[in-house]
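Structural features, examined
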Amino acid sequence: MTFRVNLFDFSQPVKYRTEILSGLTVALALIPEAVAFAMIAGLSPLTGLYAAFTMGLVTSILGGRPGMISGATGAIAVVIVALAKSHGIEYIFAAVILSGLLQVLAGVLKLGKFIRLVPHPVMFGFVNGLAIIIFLSQLDQFKVSDSRGTAQWMTGVPLLTMLGLVGLTMLIIWGLPKLTRVFPSSLAAILVIFAIVVIFNIDTRTVGDIASIQGGFPPFHLPAVPVSLATLQVIFPYALIMAGVGLIESLLTLNLIDELTESRGRGNKECVAQGTANIVTGLFSGMGGCAMIGQSLINTSSGARARLSGIVASVMLLVFIMFGASLIEKLPMAALTGVMIMVAIGTFEWASFKMIGKMPKSDVLVGMLVAAITVLLHNLALAVLAGVVISALVFAWDNAKRIQARKFTDQAGVKHYAMFGPLFFGSVTAFNENFDVLSDPEQVVIDFSESRVTDMSGLDALHKITERYGRVGKTVRLSHLSPDCRQLLANAHAVIEVNILEDPDYRVAVDD
C-alpha cells in the first residue's frame, strides 16, 4: 500500500521521488543562470542567487501554476542595468519592492485575464524567440578571455573537450528516457559528466570559474533610499517596466506549461504570487525576477507536476549557497550547457515550420516578428506588445471588409438595408458606400439584426448617415439594434442624433 499526500492539494497524488529529483536538477541549473543574470545587471552574483531562492520559494508556495519555476531572469536584468549604474544597488531593491506591489495590484484587479488576448502566433514567436535566446546564451561557454580580456572562441583541445562533454550530456538526456524514466535524465547527465571530469581529471571550465557562490542566508534589509517623491520618480518607471515584463513572461510561461501538462493554472493568483515574491526578494537583498521558461521546462519534462519540486529547488539552492559552494563550484559548465541546449531544442516549436504556407501569411509574419524582436532586443514585453498590436490591426482590417448590405424595397415603398458585419472604426468607409442617399425613397430603414455597433466611430457613422438623409428631406430609422448598441446610443444621446425604430416585443405564450 502506498501512502501519498499532495502538498497543499489533497485531491491528487504526488510522486515524491520525481518531485525531489526534479527539484534538485532545477537547483543545479539555476546557479549559472542566476549568476550570469546578476552580472549582466552589474550586480553581485549573490543578488541573483538570493533572488532565485526567494522568488522560487514564494511562487512555488503561493503561485497559480504548480511546477512552474521562478527566479532571477535576463528580462529583469536588462531592465535594471541602467538603474544599477546610475543610482546603485539600494535603488534596485526599492524598485523591486515597488514592482512587486504593482504586480499584486494587477492580480487583485484580475488583470491576468488579459493574457487571453495574446494570439497563438504571438505565443509561437515568444516561445521560439526564447528558445533561440537560450541557445545563443550557451555559446558564451565556448569562448575564453585572452590577455586583454576580449572573448575569443575556443580552439584545439579545449574546444574538442567542451564539445565532447556537451555532446555526451545531450546524448544522455536524449537517450536515457528511452531506457528508463525512473531518474531524471538531466540530473543523470550532470552527475555522469561531473564524475567523468573528476575521475579523468579533465581540464574544463567549472561553475567556480564564473564566480563564487559562497554565501549565507539572505539578509533582511530595508532599502537605504530617501522616502521622498524624488525617489519615487526615479524608481517608478523601472518598477512599472519590471512589473509588466515580469507578468507577461510569467503568464506566457504559465500558458505554455498549461499546454504541456494539459491542465490549467490561475493567472490572477500567479500575478499576486509574483508580486509577493518580488516584495520579499527586495527585502532580502535580491535583484527581482519572474517565471523562468527554461527551468520550468526542465522541471515539467522531468515529470514534476506539484509545488514540491519548486520548493525543493529553492531550498537546495540555498543549501548549495550556504554549505555546498565548494562542491557545486566544481560542476563542469559543459554539463549545464548541454542541459540548457536540450531545453532550447525542446522549447522551440518545430511545428511552426509546418505552418508556413498553410496558415495565413499575417499569422506567420507575426510569429516571425515576435521571435525576431525577442532575439534582437531581448525585450519580451515589446515583442509581445508588437505581436498583439499587429494581430489586432490585421483582425480589424479583415473585419472592415466584411460589412455588407442586402437591399430591398417593401410594398409600402420603404427602402431596407439589412447590414451584415460589425460597424466600427475600420468599417465606417465601407458602411457609407452602401447607401444611395439621393436615389433612395423618403423612408429608409437600416436593419442591424445581423450587425452591431461597437465603438464611437460606428455611432458617429450612424449620426452622419442620418444627417445626410435629413438634408435631402428623407428619414432613416434604425431597427433590431442589440441591447448593448442601444445602450451605446443612449450614452451618446447628447452628441448623436438618430431615429430608432421600436422593435416589437415578442413573448412566449404559456398555458395557464
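Here we summarise the structure given alongside this text.

Remarks on the sheet that holds strand β7 (residues 443-453)
Taken in spatial order, the four strands of this open sheet run β5-β6-β7-β8, and their pairing is mixed. The open sheet has two free edges, formed respectively by β5 (404-409) and β8 (475-479), since each of these has just one partner strand. Strand after strand, the sheet turns through a mean of 20° between neighbouring axes, direction not considered. Set on the sheet, helix α19 (residues 456-471) makes contact with β6 (415-423), β7 and β8; between it and β7 the angle comes to about 170°.

Examining empty space enclosed by the protein
Scanning all chains against the criterion turns up two cavities of 30 Å³ or more. Reported here for the largest cavity is a volume of approximately 60 Å³. Thr 59, Ser 60, Arg 65, Pro 66, Gly 67, Met 68, Ser 70, Glu 270, Ala 306, Arg 307 and Gly 310 together form the lining of the largest cavity. When grouped by side-chain class, the residues that make up the lining of the largest cavity number three nonpolar, five polar and three charged. For the second largest cavity, the full set of lining residues is His 120, Met 123, Phe 124, Val 127, Leu 256, Glu 259 and Glu 349. Those elements that place two or more of their residues in the lining of the second largest cavity are α5 (120-138) and α9 (229-261). The element that contributes the greatest number of residues to the lining of the second largest cavity is α5, accounting for four residues. Grouping the amino acids of the lining of the second largest cavity by side-chain chemistry returns four nonpolar, one polar and two charged.

Details of the layout of surface pockets
Volume-wise, the largest pocket comes out at about 930 Å³. Around the largest pocket, the lining is made up of 38 residues, and of these Glu 33, Ala 36, Phe 37, Ile 40 and Ser 137 lie nearest the centre. Counting residues per element, the ones that place at least two in the lining of the largest pocket are α1 (16-40), α3 (74-87), α5, β2 (143-145), α8 (207-210), α11 (293-301) and α14 (333-347). At seven residues, α1 tops the list of elements feeding residues into the lining of the largest pocket.

Section: helix α16 (residues 361-377)
Compared with an ideal rise of 1.5 Å per residue, which puts 17 residues at 24 Å, α16 spans 24 Å between its outermost C-alpha atoms and is within 8% of the ideal. Listing the buried residues of α16 in full gives Val 366, Gly 367, Val 370, Ala 371, Ile 373, Thr 374 and Val 375. Within two residues after α16, His 378 carries a phi angle of roughly 55°, on the positive side.

Here's the deal with unusual backbone geometry
Even without glycine at this site, Lys 110 takes up a positive phi of about 60°. When you line up the elements, Lys 110 lands in the loop between α4 (89-108) and α5. Phi angles above zero are rare outside glycine, and Asn 201 is one such case at about 50°. Among the secondary structure elements, Asn 201 is positioned in the loop between α7 (185-199) and α8. Asn 201 sits in the exposed class, given a relative accessible area of 68%.

Remarks on the packing of α4 against α9
Contact pair α4 / α9: the axes reach a minimum separation of 7 Å and the direction vectors enclose 55°. Viewed along their axes, α4 and α9 adopt a mutual orientation that is oblique. Seen from above, α4 lies across α9 with right-handed handedness. Side by side, α4 and α9 meet where Tyr 91, Ala 94, Ala 95, Val 96, Leu 98, Ser 99, Leu 102, Gln 103 and Ala 106 of the first sit next to Thr 231, Leu 232, Val 234, Ile 235, Phe 236, Ala 239, Leu 240, Met 242, Ala 243, Gly 246 and Leu 247 of the second. Among the residues forming the contact of α4 with α9, the class breakdown is 16 nonpolar, four polar and no charged.

Considerations on the packing of aromatic side chains
Summed over the entire model, instances satisfying the criterion amount to nine aromatic pairs. Ring centres of Phe 348 and Trp 350 lie 4.6 Å apart, and the angle between their planes is 50°; on these two criteria the pair is classed as tilted. With 6.5 Å between their ring centres and 90° between their planes, Phe 435 and Tyr 469 make a pair best called edge-to-face. Placement of Phe 435 in the loop between α18 (428-432) and β7 and of Tyr 469 in helix α19 is noted, with a sequence separation of 34 residues between them. Of the residues examined, Tyr 469 reaches a relative accessible area of 0% and is grouped as buried. One aromatic cluster in this structure is built from Tyr 417, Phe 431, Phe 435 and Tyr 469. The residue whose ring lies beneath Lys 143 is Trp 153, and the NZ or CZ to ring-centre distance is 4.8 Å.

What about the nonpolar core?
Ile 31, Leu 49, Ile 80, Phe 126, Ile 213, Met 287 and Leu 317 are the most contacted members of the largest nonpolar core, which totals 101 residues. In terms of residue count, the dominant contributor to this core is α1 (eleven residues). If we ignore the near neighbours within four places in the chain, the residues touching Leu 317 are Ala 27, Leu 30, Ile 31, Leu 49, Ala 52 and Phe 53. If you look at the next biggest cluster of nonpolar residues, it comprises 26 residues, including Met 419, Ala 461, Val 476 and Leu 489.

Brief notes about the pairing of β6
Of all nine residues in β6, seven are buried, a share of seventy percent or more. Note that β6 and β7 share eight bridges and pair parallel. Across the sheet, the residue bridging to Tyr 417 is Ile 446, located in β7.

What counts as what
- Residues numbered from 1 in each chain as written.
- Predicted model: local features only at pLDDT ≥ 70, side-chain atom pairs only at ≥ 80, totals over all residues.
- Heavy atoms only, no water.
- Pairing = 2+ DSSP bridges.
- Helix = DSSP H or I, 4+ residues; strand = E, 2+ residues; numbered from the N terminus.
- Axes fitted to C-alpha atoms, helices over the stretch in contact; angles between N-to-C directions.
- Contact = heavy atoms within 4.5 Å.
- 1 Å grid on protein atoms, 1.4 Å probe; cavity = no way out; pocket = protein on both sides within 12 Å on 5 of 7 lines; lining within 4 Å.
- Points joined across faces, edges and corners; volume = space filled by probe spheres on them.
- Nonpolar A, V, L, I, M, F, W, Y, C, P; charged D, E, K, R; others polar.
- Expected span 1.5 Å × (residues − 1).
- Buried < 20%, exposed > 50% of the residue type's maximum accessible area, 1.4 Å probe, protein only.
- Parallel < 35°, antiparallel > 145°, perpendicular 65-115°, else oblique.
- Left-handed = near helix turned anticlockwise from the far one by under 90°.
- Phe/Tyr/Trp six-rings, centres within 6.5 Å; stacked < 30°, edge-to-face > 60°.
- Lys NZ or Arg CZ within 6 Å of the ring centre and 35° of its normal.
- Core = buried A, V, L, I, M, F, W, Y, C linked by side-chain atoms within 4.5 Å.

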